Protein chains: 2
Amino acid sequence: MSKKVLDYLQANRNELLTSLNEFLSIPSVSTDPIHKQDVNMAAEFVATYLKEIGFEQVEVQPTKGHPLVYGEWNGAGSDAPTALLYGHYDVQPADPLELWDSEPFKPEVRNGRLYARGASDDKGQVFMHLAVFEAYMNTEGKLPINMKVCIEGEEEIGSENLYDVLKEKKEKFKADFAVISDSGMVDSGQPTILYGLKGFTGLEFTITGPSSDLHSGIYGGAVRNPAMALSHLLASLKDENEVIQVAGFYDDVEELADEERQLIKNVPGEDFTKSTGVTETVSEQGYTAKEHTMARPTLEINGLFSGYQGEGTKTIIPSTATAKLTCRLVPGQDPKKTQDLLVAHLEKHLPSGVTLDIKREPLSAKAYKVDPNHPLIEKASKSLTSAFGKEAVYVRMGGSIPVVEWIDSNYHMPVVLLGFGTPEDRLHSPNESFPLENFDKGMETLVYYWDEVRKK
Amino acid sequence: MSKKVLDYLQANRNELLTSLNEFLSIPSVSTDPIHKQDVNMAAEFVATYLKEIGFEQVEVQPTKGHPLVYGEWNGAGSDAPTALLYGHYDVQPADPLELWDSEPFKPEVRNGRLYARGASDDKGQVFMHLAVFEAYMNTEGKLPINMKVCIEGEEEIGSENLYDVLKEKKEKFKADFAVISDSGMVDSGQPTILYGLKGFTGLEFTITGPSSDLHSGIYGGAVRNPAMALSHLLASLKDENEVIQVAGFYDDVEELADEERQLIKNVPGEDFTKSTGVTETVSEQGYTAKEHTMARPTLEINGLFSGYQGEGTKTIIPSTATAKLTCRLVPGQDPKKTQDLLVAHLEKHLPSGVTLDIKREPLSAKAYKVDPNHPLIEKASKSLTSAFGKEAVYVRMGGSIPVVEWIDSNYHMPVVLLGFGTPEDRLHSPNESFPLENFDKGMETLVYYWDEVRKK
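None of these values were measured; they are calculated from a predicted model.

Chemist: I would appreciate a short explanation of the pattern of salt bridges in the present structure.
Modeler: A pair can form between side chains of opposite charge whenever their charged atoms are brought close. Counting across every chain of the model gives 52 salt bridges over all chains. Between Arg296 of chain A and Glu284 of chain A there is a salt bridge whose closest N-O contact spans 2.7 Å. Of this pair, Arg296 of chain A sits in the loop between helix H11 (289-295) and strand S11 (298-307) while Glu284 of chain A sits in the loop between helix H10 (273-276) and H11, and the two are 12 residues apart along the sequence. Accessibility classification places Arg296 of chain A together with Glu284 of chain A in one group, the buried group. Between Lys382 of chain B and Glu452 of chain B there is a salt bridge, and its shortest N-O distance comes to 3.1 Å. Of the two residues, Lys382 of chain B sits in helix H13 (residues 375-388) while Glu452 of chain B sits in helix H15 (residues 436-454), which places them 70 residues apart along the sequence. The structure contains a network of salt bridges with shared partners spanning Arg113, Lys274, Glu424 and Asp425 of chain A.

Chemist: Sorry if this is basic, but what is going on with the sheet that holds strand S3 (residues 82-88) of chain A here?
Modeler: All names here are of chain A. Ordered in space as S1-S2-S6-S3-S7-S17, the 6 strands form an open sheet in which the pairing is mixed. Here the strands that pair on one side only, and so sit at the sheet edges, are strand S1 (56-61) and strand S17 (415-417). Strand-to-strand twist across the sheet, computed as the mean angle between neighbouring axes with direction ignored, equals 15°. Here S1 runs beside strand S2 (residues 68-73); their pairing, made up of 4 bridges, is antiparallel. Bridging across to S2, Gln61 finds its partner in Leu68. In the packing of helix H3 (residues 36-52) onto the sheet, the strands contacted are S1, S2 and strand S6 (146-152), and the crossing angle to S1 comes to about 175°.

Chemist: Honestly, the relation of the copies chain B and chain A in this entry has me stumped. Any pointers?
Modeler: A rotation about some axis, followed by a shift along it, carries one copy of the chain onto the other. With an RMSD of 0.1 Å, the fit of chain B onto chain A corresponds to turning through 180° and sliding 0.1 Å along the axis. Both copies are brought into coincidence by an operation consistent with a two-fold rotation axis.

Chemist: What should I look at first to understand the confidence of the model for chain A in this one?
Modeler: Close inspection of predicted coordinates is inappropriate in any region flagged by low pLDDT. Summary statistics for chain A give a mean pLDDT of 94 and a share of 100% for residues scoring 70 or more. Here the complex is predicted with pTM 0.76, and the ipTM for its interfaces comes to 0.76.

Chemist: I would appreciate a short explanation of the packing of helix H5 (residues 160-168) of chain B against helix H14 (residues 402-411) of chain B in the present structure.
Modeler: What describes two packed helices is the angle between their axes and the distance between those same axes. All names here are of chain B. Remark: H5 packs on H14, axes separated minimally by 12 Å, with the N-to-C direction vectors making an angle of 20°. One way to sum up the angle between H5 and H14 is to call them roughly parallel. Here H5 and H14 pass one another in a crossing that is right-handed. Of the residues in H14, those in contact with Leu162, Tyr163, Leu166 and Lys167 of H5 are Pro402, Val403, Trp406 and Tyr411.

Chemist: Got a minute to help me understand the sheet that holds strand S4 (residues 108-110) of chain B in this structure?
Modeler: In any sheet, the strands associate via hydrogen bonds between backbone groups, in a parallel or an antiparallel arrangement. Residues and elements named next belong to chain B. The strand order across the open sheet built from 3 strands is S4-S5-S18, with neighbouring strands paired in antiparallel fashion. Of all strands in the sheet, those with a lone pairing partner are S4 and strand S18 (433-435), marking the two edges. Across the sheet, the mean angle separating the axes of adjacent strands is 30° when strand polarity is ignored. Note that S4 and strand S5 (residues 113-115) share 3 bridges and pair antiparallel.

Chemist: Just checking my understanding: could you explain H5 of chain B for this structure?
Modeler: An α-helical turn contains 3.6 residues, so a residue and the one three or four places further along point in the same direction. Among all positions in H5 of chain B, only Asn161, Leu162, Tyr163, Val165 and Leu166 of chain B are buried. Buried residues belonging to H5 of chain B abut strand S1 (56-61), strand S2 (68-73), strand S3 (82-88), strand S6 (146-152), helix H6 (170-173) and H14 of chain B.

Chemist: How should I be thinking about the interface of chain B and chain A in this particular structure?
Modeler: One frequent convention defines the size of an interface as the accessible area lost when the parts assemble. Contact residues are listed per partner, giving 88 residues for chain B and 88 residues for chain A. When chain B packs against chain A, the two sides together hide about 7600 Å² of surface, and 52% of this comes from carbon and sulfur. When the buried area of chain B at its contact with chain A is split by residue, Met228, Leu304 and Lys314 of chain B rank highest and sum to 8% of it. The interface formed by chain B and chain A holds 2 salt bridges in total. Residues Glu242 of chain A and Arg224 of chain B are paired through a salt bridge, measuring 3.0 Å at the closest nitrogen-oxygen approach. Linking chain B with chain A are 51 residue pairs in polar contact (both at pLDDT 80 or more). Counting residues per element, the ones that place at least two in the side of chain B that touches chain A are strand S10 (214-215), helix H7 (216-219), helix H8 (226-235), helix H10 (273-276), helix H11 (289-295), strand S11 (298-307), strand S12 (316-317) and strand S13 (320-329) of chain B. Counting residues per element, the side of chain B that touches chain A draws most heavily on S11 of chain B, at 10 residues. For S11 of chain A and S11 of chain B, the ladder comprises 5 bridges, and the chain directions are antiparallel. Across the sheet, residue Ser306 of chain A finds its bridge partner in S11 of chain B, namely Leu304 of chain B.

What counts as what
- Per chain, the residues get numbers from 1 upward, laid out in the order the sequence is written.
- Lettering for chains starts from A, numbering for ligands starts from 1, and both go in the order in which the items are written.
- Thresholds applied to this predicted model are a pLDDT of at least 70 for local features of residues and 80 or more for the giving and counting of side-chain atom pairs; totals over whole chains, interfaces and linings are not thresholded and use all residues.
- Calculated side-chain values reflect all of the structure's heavy atoms, with hydrogen atoms and water omitted.
- Each salt bridge in this description consists of a side-chain nitrogen of Lys or Arg and a carboxyl oxygen of Asp or Glu lying within 4 Å of one another.
- The numbering of helices and of strands both runs from the N terminus, where a helix is a DSSP run of H or I of at least 4 residues and a strand a run of E of at least 2.
- Exposure categories follow from relative accessible area, calculated using a 1.4 Å probe and restricted to protein chains: below 20% of the type maximum is buried, above 50% is exposed, and the middle band is partly exposed.
- Strand pairing is assigned whenever DSSP identifies at least 2 bridges connecting the two strands.
- Fitted lines through C-alpha atoms serve as axes, helices being fitted only where they are in contact, and the angles separating the N-to-C directions of these axes extend from 0 to 180 degrees.
- We call two residues in contact whenever any of their non-hydrogen atoms come within 4.5 Å of each other.
- The copies are overlaid by a least-squares fit using only the C-alpha atoms of residues whose pLDDT is at least 70 in both copies.
- For every residue, the predictor states its confidence as a pLDDT score lying anywhere from 0 to 100.
- In these notes the angle categories are as follows: under 35 degrees is roughly parallel, over 145 is roughly antiparallel, 65 to 115 is roughly perpendicular, and the rest is oblique.
- Should the near helix be turned counterclockwise from the far one by less than a right angle, the crossing is left-handed, whereas a clockwise turn marks it as right-handed.
- Buried area is calculated as the accessible area (1.4 Å probe) missing from two parts once they are joined, with the contributions of both summed.
- A 3.5 Å cut-off defines polar contacts: any pair of N or O atoms within that distance qualifies, except that in protein one atom must be a possible hydrogen donor and the other a possible acceptor, and neighbouring residues in sequence count only when both atoms are side-chain atoms.

In structure tokens:
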């Protein structure tokens, strides 16, 4: 019976939040080498926590990159199902720092929200699972089912080394199903079943003209300006109707079925202007913002730089110009093939008088979809409804969790995405936060869920 | 007789170069507030030098910005002409520092070239005048003509405060003609008369979409990407034939006469690929690289920035994207009107879903042209030919020296541009340098010129 477990979570709420803040205070930015020690500290935090609540075979497993934390508990017996819990303790960079209202790695509660880098993505949600395990162990002395826990430190940089480990030790990580809490709900208070995710690919390219910056007066008119060549090339990728112009880009895209468009239409939640601050939403011609974000591929410029960025004017023709691009893919699209199409487009449309250097993003992921009628999904829906007092909605989202698609295609086990973030969380942005209400109701959901799964 | 003067310059060459190096070692970067003290030091260097060689009324005149150095010598008597020598002691920023082979403010001679920021633009050329004055004073005890010297510290940031001073004290600066050495020769060893310069205008604009960087997965497909909007807007300014697409941009452009195209064709010098390292030159459709650089207007992107520029991938939609633009103008074009046309174009072509913030460059200049047959120009040509042993060629250049146009239209006196730089000098770029051969022959030219001008 889960009453005792729920009471424990309430009674120990302050202690749990204190531990979470400790976890969030570690700047475990995986993409930045100067944070290597912080990343290790975050791994140790998770491992220590698992040990203290009674998990076995807990280890901080080294990889070629950042370590992976593993632990398991098999006390539910061989007749009970086994779940694999996946999450990540690494976070995105915090810059631009000046846009944070409180320091990214000094957690602070304002208006019922916990502000910190990683509060929602994904330390906060990982910690909710740890707290629920602790509650079970300290009240009932056991978990309802067997559990394998795998918390990695490279999700924000593509989980490359995770896959090597999972391939190597396939049996060790094998389970009946996987649970991941690294996603969100469509709106605050609206429990959400996430049954589809987008894939991912990308590249960075640099255009070089003159061998050094040139005086714009003396050489202007004789050489191609790399920043202008970059602009022409980028503008050729997408038209002003947000339709991607890369030849073959949409060829393998699984078309959006009418029933699914209806389903998406029924999903509640704001129209994106509130949470983003844009004057109006802009989407691919023929699709709504919800359809495009959930179920249509995207191409985004993530960064640009060329020439002089300082104060005042510097009358130069820059030597180089660089752009970083990523695409989000939908079912049907192959990441490698899409990347090839992008490369071919850039090479074909490169203006004369400049050279092109392309760095392919080594990491990628296929899109993912699970049957919304799978019993494990229905149990999740039931648990969410009990905790939030509201029917769960079923959605697909634009985010990529490569490991989901990877587990699906390599382990052939269903993946249940139980995410508790909200559209206001500002993932990857300044002032990332997580609502404490979801911290409480999310843990309640997990308690119900493990009990539900236990039932035959 | 100038023989003694020339001998002095040879005999004291090492001492003169030592003084020049001292001048070049001062990082007088006018655009960067942290170098304010260095800028003052450079002004003091010039003033002290003038005093020591016997100039009168020498002063470091404060302005709203950086100070202006003035000094005069009237010993040639009222029947002798008076020249106004203009130059600047401020320099461009040295970044990117990592691209310099020796430190920008530690002058170093390699293969007959003096490497340092300002070696050619303009400290090196200003110093050649000081050295020639010193040579005259220390040998003949006088200069051939009366001299007013005006060396400012804001040329690289638009000379704004210089104009206030010149307006205020018009009589003080008035002379029979002006001489400026802040330009170059078309090729090493090819003496050049510069009879035309381009004008200048510019602006910086920022496109804002979401109020903060967004997760590209969750919001991609709902909002306009500011970096992509920037690319479309920039690409709309110029087509791939280098023809500027801003409505009305070419309306007032003084067409290039056939005789002048012939003159430009006769100008020797490399085709720009050697000095710039580009694979091929690219110019406005219908014009050669020389025609475009010398006599056709240009629009250049000087800098671009948006989103993530660090190592690795950050999957965001940036909140803002910024570009810095400048144009070089030819006779007929009004800088203010051209800036208005640019602003109107940007506002008209702004994609939906983003906002536009334009910072107009407050500084500008009209283009300038002088009659190549003016006696003072012919004397300059004769002096150059004597010093370099080669006929001088007549050219227009793409650089802007706003003060030239300003002196012409406000003082109505001819401006003689006696420049000794070369296409290999890398003005405004890493590894700026100046050939010592031109240091010697340039000073020789100046000695001949002052004597020539003295002759009735």
